[in-house]
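Architecture at a glance
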Amino acid sequence: MVVLCIILGYLLGSVSVSILVSKNLFHDDVRNHGSGNAGATNVARVFGLKAGFLTFLGDFLKSVLSMWLGKLLAGDTGLALAGAACLIGHCFPVFFRFRGGKAVSAGAAVGLMLDWRLFLISIAVFLIVAFLFKIASVASMSGAIAQAAAAFLFTGSLPLILLAVFTAILVVFMHRSNIRRLIAGTEPQFHAAGRKEKNS
C-alpha cells in the first residue's frame, strides 16, 4: 500500500496542467516563455490570469486527489507519502521530460488536506507578501514556510508535520534561481499578461 501511494502520487503529480493548458488552449508550451517554469504563475504571466487560475485549480486538485487516495490506502502515512510523491512529480514530471513547476499550487493543497487553518494561513501570508512586495517568488516561499510553521501548532500527526516541512523545503529549493536573483536585485515583479501580450 505504501509503494502504491508513492506511485499513484508521483504519476498524478506528473500530469502537468500548465503544459496541457498552454498546448491545448494556446498551442504553445509555457516552458518556452517567461521564467521557463511550468507553473500557474508563469502561465498567468504569459497567457493571462484566467489561464493561470485554471492551472492553479488543476494542480491543486491533482494534489488533493493524490493525498485523498493515500489516506484511503494507508492513513496519515499514505497521505503524507502520496502528497510528497505528487509534489515531486509536479516538479519533475515523467510525462514531460522532468521539467515541471515549483510546487506552489500543488503545495497549497497540502495545507487544506492537513488542516483548513494551515491553508488559510498560507493563503493569507501569500496575499499579504504579494501585496507588499509584488514578487511572486517571495510570496510563494513565504506562504509555504508559514504553512510548515503552522503545522506544528495545528497538526498532531508526525507524518503530516513532515509533509508540511518537506513541502516548504521543496518550494524553497525549486525557487533557488529566484533567490539568486533576489540577492542580486534582479528578480522582476509579477505582471499578468494582458490581451495584447497574449496575442503578440
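Structure's up top.
Notes on the structure in this doc start here. (Residues numbered from 1 in each chain as written. Predicted model: local features only at pLDDT ≥ 70, side-chain atom pairs only at ≥ 80, totals over all residues. Heavy atoms only, no water.)

1. Section: the pattern of salt bridges
Any two side chains of opposite charge can pair, given that their charged atoms come close. Counted under the stated rule, the structure contains five salt bridges. Close ionic contact of Asp76 with Lys71 constitutes a salt bridge, the shortest N to O distance being 2.6 Å. We note a salt bridge from Arg181 to Glu187, for which the minimum N-O separation is 2.7 Å. (Salt bridge = Lys/Arg side-chain N within 4 Å of Asp/Glu carboxyl O.)

2. Thoughts on the packing of aromatic side chains
Geometry of an aromatic ring pair is reported as the spacing of the ring centres plus the angle between the planes. Inspection of the entire model under this criterion finds three aromatic pairs. Ring geometry for Phe26 against Phe47: centres 4.4 Å apart, planes inclined by 15°, an arrangement best described as stacked. Residue Phe26 is located in the loop between helix H2 (17–25) and helix H3 (40–47), and its partner Phe47 is located in helix H3; the two are separated by 21 residues in the primary sequence. Using a relative accessible area of 30% as the deciding quantity, one classes Phe26 as partly exposed. Cluster of aromatic residues (ring-pair linked, three or more members): Phe56, Phe60 and Phe119. Across the ring face of Phe131, the terminal group of Lys134 is positioned such that the distance to the ring centre comes to 4.9 Å. Above the face of the Phe173 ring, Arg176 is positioned so that its terminal group lies 4.1 Å from the ring centre. (Phe/Tyr/Trp six-rings, centres within 6.5 Å; stacked < 30°, edge-to-face > 60°. Helix = DSSP H or I, 4+ residues; strand = E, 2+ residues; numbered from the N terminus. Buried < 20%, exposed > 50% of the residue type's maximum accessible area, 1.4 Å probe, protein only. Lys NZ or Arg CZ within 6 Å of the ring centre and 35° of its normal.)

3. A short note on the side chain of Ser14
For Ser14, the position within the fold is in the loop between helix H1 (2–13) and H2. Here Val94 takes part through its backbone nitrogen, which lies 3.2 Å from a polar atom of the side chain of Ser14. Aside from chain neighbours lying at most four places away, what touches Ser14 is Gly89, His90, Phe92, Pro93, Val94, Phe95 and Phe96. (Polar contact = N/O pair within 3.5 Å; in protein donor to acceptor, adjacent residues only side chain to side chain. Contact = heavy atoms within 4.5 Å.)

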